[in-house]
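Residue strings, one per chain:
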Amino acid sequence: MRTTRLWVSDLSASAGAIVLNERNHHYLTRVLRAKQGAPLILFDGQGRVAEAEIQAITKQTTTVTVTTPHQSPDTRVPIVLCLSIIKPDRFDWALQKATELGASGIQPLTTCYTEGMPKGERLQKKFAHWQEILVNACEQSEHYWLPTLHPIMEFSTWLTAPRDRIVIAHPDCTVSSIPATSGLTHLLIGPEGGFTDLEVQQAIQAGAAGFSLGPRILRAETAAVVGMTLLARDLGFL
Ligand code: SAM
């Protein structure tokens, strides 16, 4: 059986004992029914990793002894998935898959055809929910680097900042491979209604390259996964 990986927000530089948070305590005791002495691997999402062992379990807390952490190399794929907000379950799914595929970052975008944009307190909760998805996906895929979750931005505003490279997935494009380069590649995926002609034009003016994902119209979340996979292949990461 593989050693359980758990994300902790703060992995101190030295060895010692730490009390796990409620989430990790619940997962170990209620889901895994882990016992004292069980080995664990803790990581902080920024590459810091440490072996650990359950020292004590009470009803409320799990305490673990942790070895001195080491820094693991950043193995993320240099792709930022820039995904328009789509229906919540579909957006969540795309985030999970992009994390499994090793995305460096996630950029949620609002576009002309974005529907159901969360606001106020709902937005804050949504953000925490997305972060939790990234953590779960990292734990599951045994990946020690979390993608950076950027704040939601409006599409044309996002385009105004300088970016290493932008690739826009659009069904009208015919180019289906992108040359490898250094730096980050930002992959733009539109909502269910697609990008407007103006948005495509704005992206091209901002230096974006068009990218085809084949002859069929894919749902946005499928396009996110296919686009990330094809780009990762082109960049030499698959
Ligand atoms: N009718 C919309 C259109 O023509 O753009 C369809 C939008 S599609 C459901 C959602 C997004 O997935 C698109 O905006 C695009 O970014 C991406 N996409 C879907 N199929 C694609 C394909 N074959 N090639 C490139 N991008 C695609």
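The preceding data block contains the structure.
Let us look at the structure shown here. (Residues numbered from 1 in each chain as written. Predicted model: local features only at pLDDT ≥ 70, side-chain atom pairs only at ≥ 80, totals over all residues. Heavy atoms only, no water.)

1. Some words on the packing of aromatic side chains
Short version of the rule: Only Phe, Tyr and Trp rings are paired, with Trp represented by its six-membered ring, and only when their centres lie within 6.5 Å; those with planes under 30 degrees apart are stacked, over 60 edge-to-face, the remainder tilted. Strands are runs of DSSP state E lasting at least 2 residues, helices are runs of H or I lasting at least 4, and numbering of each runs from the N terminus. Burial classification: accessible surface area is computed with a 1.4 Å probe over protein chains only, and a residue below 20% of its type maximum counts as buried, one above 50% as exposed, and the rest as partly exposed.
Overall, the coordinates contain four aromatic pairs when judged by the stated rule. Here Phe43 and Tyr144 contribute two aromatic rings whose centre-to-centre distance is 5.6 Å and whose plane-to-plane angle is 50 degrees, an arrangement assigned as tilted. Of the two residues, Phe43 is situated in strand E3 (residues 39–43) and Tyr144 in the loop between helix H3 (120–141) and strand E9 (148–149); the sequence distance between them amounts to 101 residues. With respect to class, Phe43 is no different from Tyr144; both count as buried. Ring geometry for Phe91 and Trp130: centres 4.7 Å apart, planes at 40 degrees, overall tilted. With Phe91 in helix H2 (residues 88–100) and Trp130 in helix H3, this pair connects stretches of sequence that are 39 residues apart. Taken together, the ring pairs connect Phe91, Phe127 and Trp130 into an aromatic cluster.

2. Details of the site of the ligand
The test is simple: Any residue with at least one heavy atom within 4 Å of a molecule or strand is counted as near it. Definition of a polar contact: a pair of N or O atoms within 3.5 Å, with one able to donate and the other able to accept a hydrogen when the atoms are protein atoms, and with sequence-neighbouring residues admitted only if both atoms are side-chain atoms. Computed with the Shrake-Rupley method and a 1.4 Å probe, the accessible areas treat only the protein chains shown as cover for residues. Residues are sorted three ways: Asp, Glu, Lys and Arg are charged, Ala, Val, Leu, Ile, Met, Phe, Trp, Tyr, Cys and Pro are nonpolar, and all the rest, Gly among them, are polar.
As a structural note, the neighbourhood of the ligand is formed by 19 residues, with Ala169, Leu213, Gly214, Arg216 and Leu218 the closest of them. In this structure, a nitrogen atom belonging to the ligand sits 2.9 Å away from a main-chain N or O atom of Leu213. Gly214 has a polar backbone atom sitting 2.9 Å from a nitrogen atom of the ligand. When the free accessible area of the ligand is taken as 570 Å², the share hidden by the protein chains comes to 86%. Tallied by class, the residues present in the shell around the ligand amount to 11 nonpolar, six polar and two charged.

Purely geometric numbers; function is a separate question.
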